[in-house]
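Structural features, examined
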Amino acid sequence: MRPAAGWALVLGAALLAPACAPKTETVAATAAPTFDPKDFSGTWDRYPQPLEAGRDPSTLKIPAPDAIPPPPLKPDFKAAWEAEQKVIAAANAAGEPIATGYTHCLPDGMPAMMMAMFPMEVLQTPRQVTFIQEAYNQVRRVYLNDTLPAVEDAEPGFWGHAVGKWEGNDFVTETVGIKENVKFRNTPHSPAMRIHERMRMIDADHFENEVTVEDPEYLTGPWSWKWVYQRRPNYKMYEYVCEDNREYADPKTGKARLRIDHD
Amino acid sequence: MFDSDHQVRLAGKVTKFEWQNPHVYIELEAPDPRKPGSKPRTWTIECANPGILNRIGWKFNMIKKDDPIAIVIAPYRTGEPAGLLKQVKLADGRIFGNGGPAGPPNISIEDGKPLPAAAKP
């Protein structure tokens, strides 16, 4: 399925080639296109995988993306965000982490689900591109050549409303309508937040996603970073129902605790 | 929540194996080696989730009630009988970790003695 368009070009070139063309040209022509740059379908892991993170970056075939920068929050919100980051870091350092949305069985929502914490499946059909994240069974539908609702009219949700279009070989999306309690990196946002993505295939087995978040109420300017994914061939996604989390948030301290059923 | 610096080896009998999200749990009846002569207790052992464990070779039915197993855990900081799994040795001798996020054991699954890597600063 993947290389259909590319192979058609190769076949066409081969048919047009003169019969006396040297063998080397034929080999070069058939070896060139190895993937369809407009086909993201398949199963993917985030790249590089965490276990690779300690490796010398120069040994990676595809450069690792830069660390995500802190959000460019307006001064009114920056101090509170920084103070919260310090509390979280201190709790982690003490081995007593603060409970998160995961503790309450809540999914990431956008844009966090696109970090691909667990494997991610992409399905492409004529009207939509669908992203499925194994963790928490998250499904995000990006409708092609559709219209976004105005932000004041967008019903808030975890994954919001998303449209996509092709600009050359780039798949460009725009997302609005994220619930205010769905926060990426504990960053507050307003109903006017917009998430822009630009995805492109790097090679047959990697694609990148340039993410830019804009929010005129909370941010001084765009907040941008890049995620990269690597193909996980022939992987079958597992189901994920957050059925019974024995971890819970201590109502007094907010720290994660473990329910013990027997003693 | 769990203390990876003071890992504990437990050996005992499985009383429950719960294969579900967001965590797999093993309940294990075993004495606390930190309290010699103490009565066996039922420990709650948190593992990664089925997806992570499947990807490193676990199977949903590889641990069953009454199986004798040995485990290395990072104990729950409150002192209650619980912990985060670092490594498990099944009755048939196979040894499995608990996936990348849980981290490796720093004591031996065989005898609870420090592993050489743990001596590093």
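Residues numbered from 1 in each chain as written. Chains lettered and ligands numbered in written order. Predicted model: local features only at pLDDT ≥ 70, side-chain atom pairs only at ≥ 80, totals over all residues.

Concerning the overall build of chain A
Basically, it comes down to this: Every helix listed is a DSSP run of H or I at least four residues long, and every strand listed is a run of E at least two residues long, numbered separately from the N terminus. In this scheme the burial state of a residue depends on its C-beta neighbours within 10 Å: 20 or more other such atoms mean buried, 12 or fewer mean exposed, and anything in between means partly exposed; the C-beta positions come from the backbone.
Counting secondary structure elements, chain A contains 3 helices and 11 strands. Secondary structure elements in chain A, listed N-terminal to C-terminal, are α-α-β-α-β-β-β-β-β-β-β-β-β-β. Taking all 263 residues of chain A together, the buried fraction comes to 21%.

A look at the overall build of chain B
Note the following rule: Computation of the radius of gyration draws on C-alpha atoms, with the globule rule given as 2.2 Å multiplied by the number of residues to the power 0.38. Contacts are defined on C-beta atoms placed from the backbone: any two residues whose C-beta positions lie within 7 Å are in contact.
Scanning chain B from terminus to terminus reveals 1 helix and 6 strands. Mapped from its N terminus to its C terminus, chain B presents α and β elements in the order β-β-β-α-β-β-β. On C-alpha atoms alone, chain B measures out to a radius of gyration of 13 Å, which is about the 14 Å that the 2.2 N^0.38 rule sets for 121 residues. For chain B, the spread of C-alpha atoms along the principal axes amounts to about 35 × 30 × 30 Å. Each of the 121 residues in chain B was classed as buried or not, and the buried ones make up 39%. Long-range contacts, defined here as pairs at least 24 residues apart, represent 53% of the contacts in chain B between residues at least 6 apart.

Details of the pairing of strand E4 (residues 138-144) of chain A
All names here are of chain A. So the rule is basically this: Strand pairing requires that DSSP identify at least two bridges connecting the strands.
Note: strand E3 (residues 128-133) against E4, 6 bridges, orientation antiparallel. Note that in E4 the partner of Ile-132 across the bridge is Val-139. In the sheet, E4 pairs with strand E5 (residues 161-167) via 3 bridges, with the strands oriented parallel. The residue bridging Leu-144 from the neighbouring strand is Gly-164, located in E5.

Observations concerning the interface of chain B and chain A
The interface is formed by 22 residues belonging to chain B together with 23 residues belonging to chain A. Looking at the side of chain B that touches chain A, the elements that each hand over two or more residues are strand E2 (25-30), strand E3 (41-46) and helix H1 (50-55) of chain B. Looking at the side of chain B that touches chain A, the element that brings in the most residues is E3 of chain B, giving 4 residues.

Quick word on the sheet that holds E5 of chain A
All names here are of chain A. Applied cut-off: Axes, fitted as lines to C-alpha atoms, cover a helix only where it is in contact. Angles between the N-to-C directions of the axes lie from 0 to 180 degrees.
Strand order in the closed barrel formed by 9 strands is E1-E2-E3-E4-E5-E6-E7-E8-E9, with mixed pairing between adjacent strands. The mean inter-strand angle of the sheet, taken between neighbouring strand axes irrespective of direction, is 30°. Pairing of strand E2 (residues 120-124) with E3 involves 5 bridges; the strand directions are antiparallel. Residue pairing across strands places Glu-121 opposite Ile-132, the latter belonging to E3.

Points about the confidence of the model for chain A
As a reminder, the rule being used: On a range of 0 to 100, pLDDT expresses the predictor's confidence in each residue.
Across chain A, the average pLDDT comes to 88, with 85% of residues at or above 70. Counting contacts from residues 1-29 of chain A, a segment whose pLDDT is below 50, to residues more than four positions away or on other chains yields 22 contacts.

A few points about the nonpolar core
Inside soluble globular proteins, nonpolar side chains tend to come together where they are buried. To keep it simple, the criterion reads: Think of a nonpolar core as buried Ala, Val, Leu, Ile, Met, Phe, Trp, Tyr and Cys residues chained together by C-beta atoms that fall within 7 Å.
By size, the foremost hydrophobic cluster in this structure holds 32 residues, and its most contacted members are Ile-26, Leu-28, Ile-45, Cys-47, Ile-71, Ile-73 and Leu-85 of chain B. Secondary-structure elements contributing two or more residues to this core are strand E11 (256-258) of chain A together with strand E1 (8-18), E2, E3, H1, strand E4 (68-75) and strand E5 (82-89) of chain B. Looking at this core, the element that brings in the most residues is E4 of chain B, giving 6 residues. Among all residues touching Leu-85 of chain B, those that are not within four sequence positions of it are Ile-45, Glu-46, Cys-47, Ile-71, Ile-73, Asn-98 and Ala-102 of chain B. Listed in part, the 28 residues of the second largest apolar core include Phe-131, Phe-158, Trp-159 and Met-193 of chain A.

Thoughts on the confidence of the model for chain B
Per-residue pLDDT for chain B has a mean of 94; in total, 96% of the residues score no lower than 70. Predicted as a complex, the structure gets a pTM of 0.87 and an ipTM equal to 0.92.

Description of the pairing of strand E6 (residues 170-176) of chain A
All names here are of chain A. Bridge analysis of E5 against E6 gives 7 bridges, and the strand direction is antiparallel. Within the sheet, the bridge partner assigned to Lys-165 lies in E6 and is Val-172. Sheet topology note: the E6/strand E7 (residues 194-203) ladder contains 5 bridges and is antiparallel. Looking across to E7, one finds that Phe-171 is bridged to Met-199.

Some thoughts on helix H3 (residues 75-93) of chain A
For an α-helix the count is 3.6 residues per turn, leaving residues at separations of three or four pointing the same way. What counts is decided by this rule: To estimate how far a helix should extend, the number of its residues minus one is multiplied by 1.5 Å.
With 19 residues, H3 of chain A ought to run about 27 Å at 1.5 Å a step, and its terminal C-alpha atoms sit 27 Å apart, in line with that. Of all 19 residues in H3 of chain A, 0 are buried, a share of ten percent or less.

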